[in-house]
Amino acid sequence: MKKKKSTTTGLQEFIESNVEEMLADNRISTARSYVSTLSSVMLFSGRNPAIGEIDADFVMNYAAWMKKKGLTDNTISFYMRVLRAVLNKYGVDNTSAIFRNVYTGVAKTIKRAISLNDIRTIKNASGLPSDLEMARDMFMFSFYMRGMAFVDVVKLTRSNISGDYISYKRSKTGQRLFVKIENDTKRIIEKYRSEKNEYIFPVIPYYESYDTAIRVQNARLFRLSRKLGFETSLTTYVARHTWASLAKKNGISISVISESLGHNDEKTTMIYLASFDQDVIDAANSKILGLLK
């Protein structure tokens, strides 16, 4: 009779042992999925939970926590599916019951991208009130930076700039990204950077929380949408989706797009390869920004 594994084994220890094997087998994307899920679960629980603690109540509370943080249903589903795979691999009984009340499907994503002409309209808009001008500049900065998430935009400091590059860690995954500073990017940095504030944009610490900052930004982008006569309402997500959409339409491979956006799983952009040379990613961003000229 097979001996049942101890439920006191830590999730971190089990995942890390599996990741070593995956890396040895060159299963890079699966290993990254396991690592990002572990980071998310530990951030939620504040510690390294034992395998036996991960029951139906745990995953329901975890899903609710992610929802409150603003993660999409598909992102929540991704973490749930990876966590379920981990428990199955460990040999936990009744995983179907544990995950019965949380979403583990793949929902059709609502189209958030706008057209190249719309991007040009936003870039060239003049006579905007100061608050909408700043909202526009932060939106375009996100676009110029290969669709950088708003949370990472507002957290950028002077120390993230090194020569011709901005280096930062994605708040969502902890992945380190390097983005070449193109001319339009540099113009916005110089416009807002101040010796009195370590942050590139004057957002933190002027708002009490990130939740407040993104709510204000989206409200301003909504007003900007109406002012420019757009049918689609702008949000902080639109810049990211538009960069990816334009990249795909202009022949940039899905795998380069995945690397450029900092995705760490195959499901997100269909194909994910381990690594690309930095100059390939730089060329991808330069090609997209060149469309605006």
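Quantities reported herein were computed from a predicted structural model and do not represent experimental measurements. (Residues numbered from 1 in each chain as written. Predicted model: local features only at pLDDT ≥ 70, side-chain atom pairs only at ≥ 80, totals over all residues. Heavy atoms only, no water.)

Visitor: Could you clarify how one ought to interpret the packing of helix α1 (residues 11–24) against helix α4 (residues 73–90) in this entry?
Guide: Axes are the key here: two packed helices are described by the angle between their axes and the distance separating the axes. In the contact formed by α1 and α4, the axes pass within 11 Å of each other and the chain directions differ by 85°. In this view, α1 runs roughly perpendicular relative to α4, as classed from their interaxial angle. Every residue of α4 that contacts α1 at Leu11, Phe14, Ile15 and Asn18 is listed here: Leu83, Val86, Lys89 and Tyr90. Split into classes, the residues belonging to the contact of α1 with α4 amount to six nonpolar, one polar and one charged. (Axes fitted to C-alpha atoms, helices over the stretch in contact; angles between N-to-C directions. Helix = DSSP H or I, 4+ residues; strand = E, 2+ residues; numbered from the N terminus. Parallel < 35°, antiparallel > 145°, perpendicular 65-115°, else oblique. Contact = heavy atoms within 4.5 Å. Nonpolar A, V, L, I, M, F, W, Y, C, P; charged D, E, K, R; others polar.)

Visitor: Whenever I open this one, the sheet that holds strand β1 (residues 161–162) confuses me. Can you help?
Guide: Spatial ordering of the open sheet is given by β1-β2-β3, a layout of three strands whose pairing is antiparallel. Either end of the sheet is taken by a strand with one partner, and the two such strands are β1 and β3 (176–180). Two elements, β1 and strand β2 (residues 165–169), share two bridges in a ladder whose sense is antiparallel. Bridge assignment links Ser162 to a residue of β2, and that residue is Tyr165. (Pairing = 2+ DSSP bridges.)

Visitor: Would you mind going over the pairing of β3 with me for this structure?
Guide: The side chains of a regular strand alternate between the sheet's two faces. Residues Leu177 and Val179 line the buried face of β3, whereas the alternating positions Arg176, Phe178 and Lys180 sit on a face that is not buried. One ladder, built from five bridges, connects β2 with β3; its direction is antiparallel. Residue Tyr168 lies in a different strand from β3, and its bridge partner there is Leu177. Counting the residues that bridge the hairpin from β2 to β3 gives six residues, and of these Gly174 lies at a positive phi of roughly 80°. (Buried < 20%, exposed > 50% of the residue type's maximum accessible area, 1.4 Å probe, protein only.)

Visitor: Help me understand helix α11 (residues 236–249), please; the structure alone is not making it clear to me.
Guide: Note on helix geometry: an α-helix contains 3.6 residues per turn, so any two residues three or four positions apart are oriented the same way. Counting buried positions over the 14 residues of α11 gives 10, a clear majority of the element. Thr236, Val238, Ala239, Arg240, Thr242, Trp243, Ala244, Ser245, Leu246 and Ala247 are the residues of α11 that are buried.

Visitor: Help me understand the side chain of Asp137 in this model?
Guide: Among the secondary structure elements, Asp137 is positioned in helix α7 (residues 130–144). For Asp137, a relative accessible area of 2% translates into the label buried. Engagement of the side chain of Asp137 in a polar contact is seen with the side chain of Lys191, the distance being 2.7 Å. Residues within four places of Asp137 in sequence aside, it is in contact with Ile188, Lys191 and Tyr192. (Polar contact = N/O pair within 3.5 Å; in protein donor to acceptor, adjacent residues only side chain to side chain.)

Visitor: What's the story with the packing of helix α2 (residues 28–45) against α4 in this structure? I'm lost.
Guide: Taken N-terminus to C-terminus, the directions of α2 and α4 make an angle of 105°; their axes are 10 Å apart at the nearest point. If you check the angle between α2 and α4, you find them roughly perpendicular. In contact with Ser33, Tyr34, Ser36, Thr37, Ser40 and Val41 of α2, α4 contributes Phe78, Tyr79, Val82, Leu83, Ala85, Val86 and Lys89.

Visitor: Can you help me understand the confidence of the model for the chain in this one?
Guide: Low-confidence regions, as indicated by low pLDDT, have predicted coordinates that should not be scrutinised in detail. Confidence along the chain averages 85 in pLDDT terms, with 89% of residues attaining 70 or more. The lowest-confidence element of the chain is helix α13 (residues 266–269), averaging 47 in pLDDT; the highest-confidence one is α7, averaging 97. For the stretch residues 269–277, pLDDT sits under 50, and the model shows 28 contacts to residues farther than four places along the chain or on other chains. (pLDDT = per-residue confidence, 0-100.)

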